Amino acid sequence: MNIFRHFEEIVSDALAGLQSAGTLAADLDLSRVAVEPPRDPSHGDISTNAAMVLSKPAGMKPRDLADLISTALDASGHFTDVSVAGPGFINMTVRDTFWQTRLADVLAARTSYGVSEMGTGQKVNVEYVSANPTGPMHVGHTRGAVFGDALANLLEKASFDVCREYYINDAGGQIAVLADSAFLRYREALGEDIGSIPEGLYPGDYLVPVGRALAADHGDALLAMDETARHDIVRSASVDAMMDLIRGDLDALGIKHEVFFSERALHQSGKIETTLKQLENKDLIYVGVLEPPKGKTPDDWEATPQTLFRSTNFGDDVDRALKKSDGNWTYFAPDIAYHLDKYERGYTHLIVVWGADHGGSVKRMKSAVAAVSEGGADLDVKICQLVRLMRDGEPIKMSKRSGTFVTLRDVVEEVGKDAVRFMMLNRKNDAPLDFDFAKVTEQSKDNPVFYVQYAHARIHSVLRNAAADDALKGVDIGDTALAAADLSCLRDEAELGLIKHMLQFPRMIEAAAEAHEPHRIAFYLFELASSFHALWNKGKDNPALRFILPDQRDATLARLALIRATGYVIASGLEVLGVEPIEEMR
RNA sequence: GGCCCCGUAGCUCAGUAGGAUAGAGCAUCAGAUUCCUAAUCUGAGGGUCGGUGGUUCGAAUCCACCCGGGGUCACCA
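Residues numbered from 1 in each chain as written. Chains lettered and ligands numbered in written order. Predicted model: local features only at pLDDT ≥ 70, side-chain atom pairs only at ≥ 80, totals over all residues. Heavy atoms only, no water.

Ordered in space as β14-β13-β15, the 3 strands form an open sheet in which the pairing is mixed. At either margin of the open sheet sits one strand with a lone partner, and together these are β14 (394–395) and β15 (433–436). One ladder, built from 2 bridges, connects strand β13 (residues 387–391) with β14; its direction is antiparallel. In the sheet register, Arg 391 faces β14, and the bridge partner there is Glu 394. Contacting β13 and β15, helix α15 (residues 417–424) runs over the sheet at an angle of about 155 degrees to β15. (Pairing = 2+ DSSP bridges. Helix = DSSP H or I, 4+ residues; strand = E, 2+ residues; numbered from the N terminus. Contact = heavy atoms within 4.5 Å. Axes fitted to C-alpha atoms, helices over the stretch in contact; angles between N-to-C directions.)

The pairing of strand β2 (residues 46–48) with strand β4 (residues 89–93) spans 3 bridges and is antiparallel. Along β4, the bridge assignment pairs Ile 46 with Met 92. For strand β3 (residues 81–85) and β4, the ladder comprises 5 bridges, and the chain directions are antiparallel. The partner of Asp 81 across the bridge, within β4, is Thr 93. What sits between β3 and β4 in their antiparallel hairpin is a turn of 3 residues, with Gly 86 showing a positive phi close to 55 degrees.

Moving on, we get to the protein's contact with RNA strand B. For RNA strand B, the set of nearby residues contains 69 residues, the closest of which are Phe 89, Lys 324, Gln 443, Tyr 454 and Arg 546. In this structure, Gln 443 approaches RNA strand B through a side-chain N or O atom, which is 2.5 Å from a base nitrogen. Within the side chain of Ser 461, an N or O atom sits 2.4 Å from a phosphate oxygen of RNA strand B. Going through the elements one at a time, α2 (50–58), β4, α17 (448–468) and α21 (519–541) are the ones with two or more residues in the surface near RNA strand B. It is α21 that contributes the most residues to the surface near RNA strand B, 11 residues altogether. Its residues assigned to classes, the surface near RNA strand B comprises 24 nonpolar, 22 polar and 23 charged. (Near = heavy atom within 4 Å. Polar contact = N/O pair within 3.5 Å; in protein donor to acceptor, adjacent residues only side chain to side chain. Nonpolar A, V, L, I, M, F, W, Y, C, P; charged D, E, K, R; others polar.)

We now examine the side chain of Ser 361. Considering the arrangement of structural elements, one finds Ser 361 in the loop between β11 (349–355) and α13 (362–373). We classify Ser 361 as buried; its relative accessible area is 12%. At 3.4 Å, the side chain of Ser 361 and the side chain of Tyr 331 are in polar contact. (Buried < 20%, exposed > 50% of the residue type's maximum accessible area, 1.4 Å probe, protein only.)

Let us now look at the domain arrangement of chain A. On domain assignment, one finds that chain A holds domain 1 (3–94), domain 2 (123–168 + 257–384), domain 3 (173–252) and domain 4 (443–577). A C-alpha centroid distance of 44 Å is found between domain 2 and domain 4. Between domain 2 and domain 4, the contact holds 11 residues from the first and 12 residues from the second. The contact between domain 2 and domain 4 buries some 990 Å² in all, and 70% of this surface belongs to carbon and sulfur atoms. Broken down residue by residue, the surface that domain 2 buries against domain 4 is led by Ala 150, Leu 154 and Lys 157, which jointly contribute 52%. Scanning the region where domain 2 abuts domain 4 turns up 1 salt bridge. When the shortest N-O distance is used, the salt bridge between Glu 575 and Lys 157 registers 2.7 Å. The tally of links from domain 2 across to domain 4 stands at 6 residue pairs in polar contact (both at pLDDT 80 or more). Secondary structure elements with two or more residues in the side of domain 2 that touches domain 4: α5 (142–157) and β12 (378–384). No other element matches the 7 residues that α5 contributes to the side of domain 2 that touches domain 4. Each residue belonging to the side of domain 2 that touches domain 4 can be placed in one class, and the counts come to 7 nonpolar, 1 polar and 3 charged. (Domains from an automatic or database assignment. Buried area = accessible area lost by both parts, 1.4 Å probe. Salt bridge = Lys/Arg side-chain N within 4 Å of Asp/Glu carboxyl O.)

What follows is the structure in structure tokens.
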């Protein structure tokens, strides 16, 4: 599917020929040989750095080696031109027919164009969102949610076996606060005047229905109940209710996790103890006293002995505490057990998506995964930087107190799922992002969401017009018929350029999946849309380049094939981003 | 003070398993509409890739040290 693989084979065949002829050593390391499209299209269609990379081990000057390789490539008969340029690049040109007929591949694959075998079904676990279930999701969670989901889509397109996972932090102190807050709402539901919500509890209205439901289910029975038993009931009901809220929020963004993993269940299973026992057996746990942080010592610092994990053995800066001073586990201890559990479920590639404020935990988590899997699993922590909400260029100030708090739902309802998703992916994950409500809904080139969707809609507009055109009455313009059209009609530079551009898509998928960087797809789609819009306008200047030519059926069918294929590539890319490819904009 | 991220055109940003003359959008200037959606397109100007060294055929990309911005720093998840 990735046509550059095809050319890689041709190049490696040529190199193998030189090896068997004795010109090149048989044990040459070919891993650095790249076969890529050159940056400048005037250099040709394909380029390789083989001569420069191999010149030293071959003991030859790059240009001399390039001449040899280039002769072999020329003899392969695949190219209309092979030339050596610059310091030793070998540039190859393929005949137009090659490119034209590749359109049939796209038309056959449709929106599955770009699917790569790269992942070979390897299991990848992507953990994202994992927001504490203490309320609805706020806008700060949005970027990580969209990023993780798009990354999962991307890896699926690259043939990884992906699990989307959510870690429910339902065991910590914040959950106790949630339960207390819900209990207050329960008393309120029973008719008690609870006054204003005390400091330290969650004041949000979203707990009112939780209180009512508890009252409906239990009457006033909870009031007389033993505190531990009551707390269990209230906590469990509250967490369930909050997770329902969160699932609803995620659903509005088009996100569905396959696994929701409960931290509380982890505590109850005894898995934490067994995991740490394993580490203890490897002498990776000890009781010791940490040095206070250099430069800035907290006021309440005490040099007390703690149960520590030897994360410094795995590259961390200091060893990390596993138990709090009250004897409970720190968040880190269950997290270690959780990651072991992922590994034991067969996931050797682990990805977690965190907010920027958790950047300090990356090394310890990687250390833990290395220790617990004995190097069998790799962990990639993707850090999403903050999003600055803007309105007409002015930052929106948020605070929970003043009620100017923006939820994820607010954003989705104002600008729509597609716009939110695309904009969140239109920046590298580790760079801060401005999100301007005005810009995101604007219908102009300023707004990449619109620009890409508009290209797709234009394509469908042409297809609708073609279907309704008298000159094409009774003519089959289905995908199979278009694939069989005389594609050699596509001779204009802009047409060939568009074809070559869309054929890069499988390469983009592989590169983006390899790097765990879905934003590359967003940028690619913007550029592909740009190629299409340019061709469209060329037809305005030169009517001979219009897509529908009533008196030239062959050329029309070829051009419909071209734009139909473009539409599939755009749709395939949008599928990765989780954005709808709309067919009409009015 | 330690660690992590960032620093590329006036602005917002792409571009890293090292590749040829560093790219887009916005903004500025000059153009294109009897025609499939001008919601678009074409062209121009604009750069010591934060700095200095190093590695090599070749560095925005890798290494070291600085400068500037942000995040984080036992027991909060």
